[in-house]
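A look at the structure
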Amino acid sequence: MPPASTGASTIVVDASAPQSPVTTTAEPAAATHERLEPGRPGYRRMSFALFAAGVAAFALLYSTQALLPAVSASFDATAGQASWTVSAATGALALFVLPLSALSERFGRRQMMTASLAIAVLVGLLVPLAPSMGALIALRAVQGAALAGLPASAMAYLAEEVRPKALVAAIGLFVAGNSIGGMSGRILTGWVAQAWGWRAALAAVGLLALACAVAFHFLIPKARNFRPGSLNPKALAKTVATHLSDPLLVRLYAIGALFMTVFGAVYTVIGYRLVEEPFSLPQGVIGSIFLVYLVGTVSSAAAGRLVARLGRRGALYLAVSTTAAGLLLSLADQLAAVLLGLVLITAGFFAGHAVASSSVSRTATTGRAQASALYQSAYYLGSSAGGTLGAVAFHAGGWAATVALGLLAVLGVVSITLYGTRVARAERRALVPATR
């Protein structure tokens, strides 16, 4: 099972599966060029290029999350208002990921990735100059919409250009770029903001993303196996409707959204809690808290073994139990307990996300790219909702209210999983012939 990324959802690609409802107009399959694999020219360049793209994209996407207390102070804004600098970006990404992934089928994966990074980096260099909270939120929304063109296009590019036996490793490196970008962006902004302020911190992330985008442009090999097609909106709408009418897929989308609601709420608000009494931590140390994300790499990688031992629903029960235990532990006023709580929340979230996201690709028999894009939409809508609602809850009732919101989302995951268990049992009983 592929690991879940930090701030980005995992997509399992089946190179043999239809990737979207388009009408192919290019050369026949017999003319397909030889695909990339380790040891062949272009593979290493491609790997570094997509790693750089992943770092840039997710450093930009969550660049303000560790800075929210400083942004609030600068604009005299509440936690709920400042949280929109994160939620606007993730929400826009959720809304645009499906249409932009479809456009990549017509105009090309490489072109879509290049355009997405270029626009997102340009906006990223303007973000530090935002004169007001409204302008900052608007720029972040544009940035999130631009970044929506990267994840699905990158996965489709890899499926078309890399040999199947090397595909998992190639996707793993892109996901690693997501993880490192999401984590390093938060840590970088924390320490730079402590020394020079939040605007300088966002400028530093913009420059990091610019360097990564330039590296991507010069390193990424030209697509040799992409066959453009004419978009068929009716077929796309039918595919999406089919996925949304599948009860199991809808449950998986809801589980991903609810897990991300917990995660978005906790990591959007944790900076506000740690900057206050009794902790009073400096901005740089708060940014370093995001090193806890490394726990997610371990737990998501272990999710495959958990599923093999406990089954998909058993693994989900373990994930939600771990997340709930972390939420309750984080209520303590001792820093060590809060950190251990964050470790458990992170481990539970990434394990649950890995189980849900990988199950989407196994469940969808057609239109797997659209099925994964819908999961991404639900995932990032959960992030957006969690960040905003978690901040509103914190403003109204402190950390305990944010934890209550997280526990409510965890209860939703448990309810959906219990329902799925009952449905599966009923289906098994229906398959057993009645005995006299």
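Scope of this entry: the structure provided in the associated data block.

Reading the values: rules and limits
- Residues numbered from 1 in each chain as written.
- Predicted model: local features only at pLDDT ≥ 70, side-chain atom pairs only at ≥ 80, totals over all residues.
- Heavy atoms only, no water.
- Helix = DSSP H or I, 4+ residues; strand = E, 2+ residues; numbered from the N terminus.
- Buried < 20%, exposed > 50% of the residue type's maximum accessible area, 1.4 Å probe, protein only.
- Contact = heavy atoms within 4.5 Å.
- Areas by Shrake-Rupley, 256 points an atom, 1.4 Å probe, with all protein chains shown as cover.
- Salt bridge = Lys/Arg side-chain N within 4 Å of Asp/Glu carboxyl O.
- Axes fitted to C-alpha atoms, helices over the stretch in contact; angles between N-to-C directions.
- Parallel < 35°, antiparallel > 145°, perpendicular 65-115°, else oblique.
- Nonpolar A, V, L, I, M, F, W, Y, C, P; charged D, E, K, R; others polar.
- Phe/Tyr/Trp six-rings, centres within 6.5 Å; stacked < 30°, edge-to-face > 60°.
- Patch = residues over 30% accessible without salt bridge, like charges linked within 9 Å, V, L, I, M, F, W, Y side chains within 5 Å.

When helices and strands are counted, the protein shows 14 helices and two strands. Considering the protein as a whole, with its 436 residues, one finds that 56% of them fall into the buried category. Across the protein, contacts joining residues at least 24 apart in sequence account for 84% of those joining residues at least 6 apart. Here the protein has roughly 17300 Å² of accessible surface; of this, 67% comes from carbon and sulfur atoms.

Right, let's talk about the pattern of salt bridges for a bit. Opposite charge on two side chains permits pairing when their charged atoms draw close. Under the definition given, this model contains one salt bridge. Note that aspartate 333 is salt-bridged to arginine 273, the shortest N-O span being 3.2 Å. Taken together, the residues span a long stretch of sequence, with aspartate 333 in the loop between α12 (294–329) and α13 (335–363) and arginine 273 in helix α10 (residues 247–275) at a distance of 60 residues. Judged by its relative accessible area of 7%, arginine 273 is buried.

Let us now look at the packing of helix α3 (residues 79–107) against helix α4 (residues 109–126). Where α3 meets α4, the closest approach of the two axes is 7 Å, and the angle between their N-to-C directions is 130°. With respect to α4, the element α3 is oriented oblique. Every residue of α4 that contacts α3 at Leu100, Ser101, Leu103, Ser104, Glu105 and Phe107 is listed here: Arg109, Gln111 and Met112. Of the residues belonging to the contact of α3 with α4, the class tally is four nonpolar, three polar and two charged.

A separate point is the packing of aromatic side chains. As enumerated under the stated definition, the model contains 10 aromatic pairs in all. Ring centres of phenylalanine 349 and phenylalanine 350 lie 4.9 Å apart, and the angle between their planes is 65°; this geometry places the pair in the edge-to-face category. Phenylalanine 350 shares its class with phenylalanine 349; the two are buried. Here the aromatic cluster, defined as three or more aromatic residues joined through ring pairs, consists of Phe263, Tyr267, Phe290, Phe349, Phe350, Tyr375, Tyr379 and Tyr380.

What follows concerns the environment of valine 97. The topology assignment puts valine 97 in helix α3. We classify valine 97 as buried; its relative accessible area is 0%. C-alpha separation for the pair valine 97 and alanine 148, spaced 51 residues apart in sequence, amounts to 4.6 Å. Beyond its immediate stretch of four places on either side in the chain, valine 97 contacts Ala148, Ala373, Gln376 and Ser377.

As a further point, take a nonpolar patch on the surface. Among the surface-exposed residues, Leu125, Leu207, Leu210, Val214 and Phe218 lie close enough to one another that they form a single nonpolar patch of about 460 Å² accessible area. Here the nonpolar patch takes four residues from helix α8 (residues 198–219), the largest share from any one element. Among the structural elements, valine 214 can be located in helix α8.

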